Amino acid sequence: MSGPHHKPKVSEREARQVAEAAREQDWRKPSFAKELFLGRFRLDLIHPHPMPPDEDAQRGEEFLAKLRDFCETKIDGAQIERDALIPDAVIDGLKELGALGMKIAPKYGGLGLTQVYYNKALALVGSVSPAVGALLSAHQSIGVPQPLKMFGTPEQKETFLPRLARTDISAFLLTEPDVGSDPARLATTAVPDGDEYILDGVKLWTTNGVVADLLVVMARVPRMEGHKGGITAFVVEAQSPGITVENRNAFMGLRGLENGVTRFHQVRVPAANRIGPEGAGLKIALTTLNTGRLSLPAMCVGAGKWCLKIAREWAGVREQWGKPVAHHEAVGSKISFIAATTFALEAVVDLASQMADEDRNDIRIEAALAKLYGSEMAWLMADELVQIRGGRGFETADSLAARGERPVPAEQMLRDLRINRIFEGSTEIMHLLIAREAVDAHLAVAGDIIDPDKTLGDKARAGVQAGAFYARWLPKLVAGPGQLPRAYAEFHPAGHPDLAAHLRYVERTARKLARSTFYAMSRWQGRMETKQGFLGRIVDIGAELFAMSAACVRAELLRTTGDHGREAYQLADAFCRQSRIRVEELFGRLWHNTDDLDRTVVKGVLSGTYTWLEEGILDPSGDGPWIADATPGPSTRENVHRPIR
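Here the structure is a predicted model, which means the values were calculated and not measured. (Residues numbered from 1 in each chain as written. Predicted model: local features only at pLDDT ≥ 70, side-chain atom pairs only at ≥ 80, totals over all residues. Heavy atoms only, no water.)

Peer 1: Just checking my understanding: could you explain the layout of surface pockets for this structure?
Peer 2: Where empty space is left becomes clear once a probe the size of a water molecule has been rolled over the atoms. By volume, the second largest pocket amounts to about 1,000 Å³. If you trace the second largest pocket, you find 38 residues lining it, with Leu124, Ser127, Val128, Trp306 and Met413 closest to the centre. Elements with a contribution of two residues or more to the lining of the second largest pocket: α3 (54-74), α4 (77-83), α6 (115-128), α11 (295-317), α12 (329-358), α15 (397-402) and α16 (410-418). Classifying every residue of the lining of the second largest pocket gives 18 nonpolar, six polar and 14 charged. (1 Å grid on protein atoms, 1.4 Å probe; cavity = no way out; pocket = protein on both sides within 12 Å on 5 of 7 lines; lining within 4 Å. Points joined across faces, edges and corners; volume = space filled by probe spheres on them. Helix = DSSP H or I, 4+ residues; strand = E, 2+ residues; numbered from the N terminus. Nonpolar A, V, L, I, M, F, W, Y, C, P; charged D, E, K, R; others polar.)

Peer 1: Looking at this structure, how should I read empty space enclosed by the protein?
Peer 2: Inspection of the entire model under this criterion finds one cavity of 30 Å³ or more. Considering the residues around the largest cavity, the lining is formed by Gly77, Ile80, Glu81, Ser129, Pro130, Ala131, Leu254, Arg255, Gly256, Gln412 and Asp416. Counting only elements with at least two residues in the lining of the largest cavity, the list comes to α4, α7 (130-142) and α16. Residues of the lining of the largest cavity, tallied by class, amount to four nonpolar, four polar and three charged.

Peer 1: Please explain the pairing of strand β4 (residues 214-221) as it appears in this structure.
Peer 2: On any regular strand, side chains alternate: one points to one face of the sheet, the next to the other face. Among the eight residues in β4, eight count as buried, and that is most of the element. Where burial is concerned, the two faces of β4 agree: the one with Leu214, Val216, Met218 and Arg220 and the one with Leu215, Val217, Ala219 and Val221 are both buried. As paired strands, strand β1 (residues 170-173) and β4 are joined by four bridges and run parallel to one another. Its bridge partner lying in β4, Leu173 is registered against Val217. The pairing of β4 with strand β5 (residues 230-237) spans eight bridges and is antiparallel. Of the residues in β5, the one forming a bridge with Val221 is Gly230. (Buried < 20%, exposed > 50% of the residue type's maximum accessible area, 1.4 Å probe, protein only. Pairing = 2+ DSSP bridges.)

Peer 1: Please explain α3 as it appears in this structure.
Peer 2: For α3, built from 21 residues, the straight-helix expectation of 30 Å at 1.5 Å per residue is met to within 8% by its first-to-last C-alpha distance of 30 Å. Three or more residues of α3 are buried, namely Asp56, Ala57, Gly60, Phe63, Leu64, Leu67, Phe70 and Cys71. One side of α3 holds all its buried residues, which, seen down the axis, span an arc of 145°. For α3, exposure combined with an orientation more than 90 degrees from the buried face picks out Asp54, Glu55, Gln58, Lys66 and Glu72. (Expected span 1.5 Å × (residues − 1). Arc of directions from axis to C-beta.)

Peer 1: So what exactly am I meant to see when it comes to unusual backbone geometry here?
Peer 2: A negative phi holds for most residues other than glycine; trans holds for most peptide bonds. With an omega of 0°, the peptide bond between His47 and Pro48 qualifies as cis. Residue placement: Pro48 occurs in the loop between α2 (32-37) and α3. You will see that His564, though not glycine, has its phi angle at about 60°, which is positive. For His564, the location among the structural elements is in the loop between α21 (532-560) and α22 (565-591). Overall, the relative accessible area of 53% leaves His564 in the exposed class.

Peer 1: Hey, could you run me through the environment of Thr609 in this one?
Peer 2: Considering the arrangement of structural elements, one finds Thr609 in the segment after α23 (595-607). Relative accessible area serves as the criterion here: at 46%, Thr609 is assigned to the partly exposed category. C-alpha of Thr609 to C-alpha of His139: the two residues are 470 residues apart in sequence and 47 Å apart in space.

Right, dumping it as structure tokens:
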């Protein structure tokens, strides 16, 4: 085991083993999305649409009403953008409102909201100030409350949850200057010392870290006598001696975000503050994210709703060539995309959130798909809004106001949304994470065949096992309800668009997706994991199919409850038609693409073959290392930690 002052040297295989060990290995509950990737369209798992108990809905609506009033009267999003700071009075007001404890049980002083209403609250707050939404989300979705709720001891919950529900802000510290999505190289250490651990290391991009009172920190415990070791989670008091917030980072968006660099030097943490056993830190982090990831697409839903409102209002009054721009097809298609996609994205988030509340399905893939799909589509919607607004979309709200026009912060929305495609799992990492879960059934039966470390005997046994599995599975991918003209007939009520046809398409396409995955495994075997372009397209197809399913189920729910049913059917129909075009394009790119040629070009770029192409410019970047030095030791910088009390 490397010592506390050395970065772990990790091979690619070791890195994969660490990530694999952190995965939840078992599927004890059904999963709609997992079945979808295997070619099985389990509509019964999501239809009829699950609904919250009346008391949960009433409690949630009452809080939303209070939160809406607070947002309207106390939060000035434009001021937060100008000052790059959330005023202390706003945070104090959120504390008094109980917003820090939305997901904490009432017995610990929290509000005990469901995931559905927690997400609605984040969408509401995020529409006024994405920075405030990020603060509340980082505190509750990935900060100390969620891992304690799932893995904490009764004593830890009694000690920390009342503080977190009302007064204390929390932050989650995993990323390091030289460690992003590859946690096997985690360098921060927690060395046992009696009934304490001594933390040393540097953490980067610590959202809420600048103002936090309590931290959940991931650190590597050395293996030694009496200690299993491994990456471990700790609750750490942010005021502990030896902790220095060395920098408050600034970004292209989310200007009020309290995100920093935190250094630990000989920080003593009681063993009683360890969450779970040694070595369970990554599993705790990933399990926390299973539902925690839903908060990000929830705020993307809020962004979509705002984009739709501005597009409707602006495109209806802005005239060009004798009529409102909305009536020009080039602009109208963008408005249709925003409306249909917002409907579908809300359907995805609400469905996944209600399934999380019911806890009868495993939603790890659904939540990951919601994060992936929501972050990508929200960015596209905001980009289209900027285009619809033209030059005014590129102009800041303050500049618009200064010359007498409505201060619409479209460019800010675009900047604020951009990070969603990166944090809590970049799009590229989400593709790989979801793909790993999607092909889990294949690896479970055929993994030993392609594992270079397995013996010939192991491979032979795996071959027999795989043969039996595929003999049962492949015939089921030939035909299904999607080929029956009257299947899913309840989704084609009289006078409404035909959503049954879209569900039949989803069923047929799920089988096609599973066949494509099988063909790829047969073709590439052990090299499958290197085919990241292929895997990304497989996942994107699955995301579209999930969104289509959710949109249809939501439309039927709204129809049967008498709430905008006809309009919901229209939006679902439009979304599914748009989605099907994207799906067909993705299928075409599964086998017809430039992936191999791209690899050749990349080798040339890295070897310097094309440096002549870079001639004729000047690089305005300053000097300095690509990655800051994170050698453990005492801080030499001013502590910019500023707890809000």
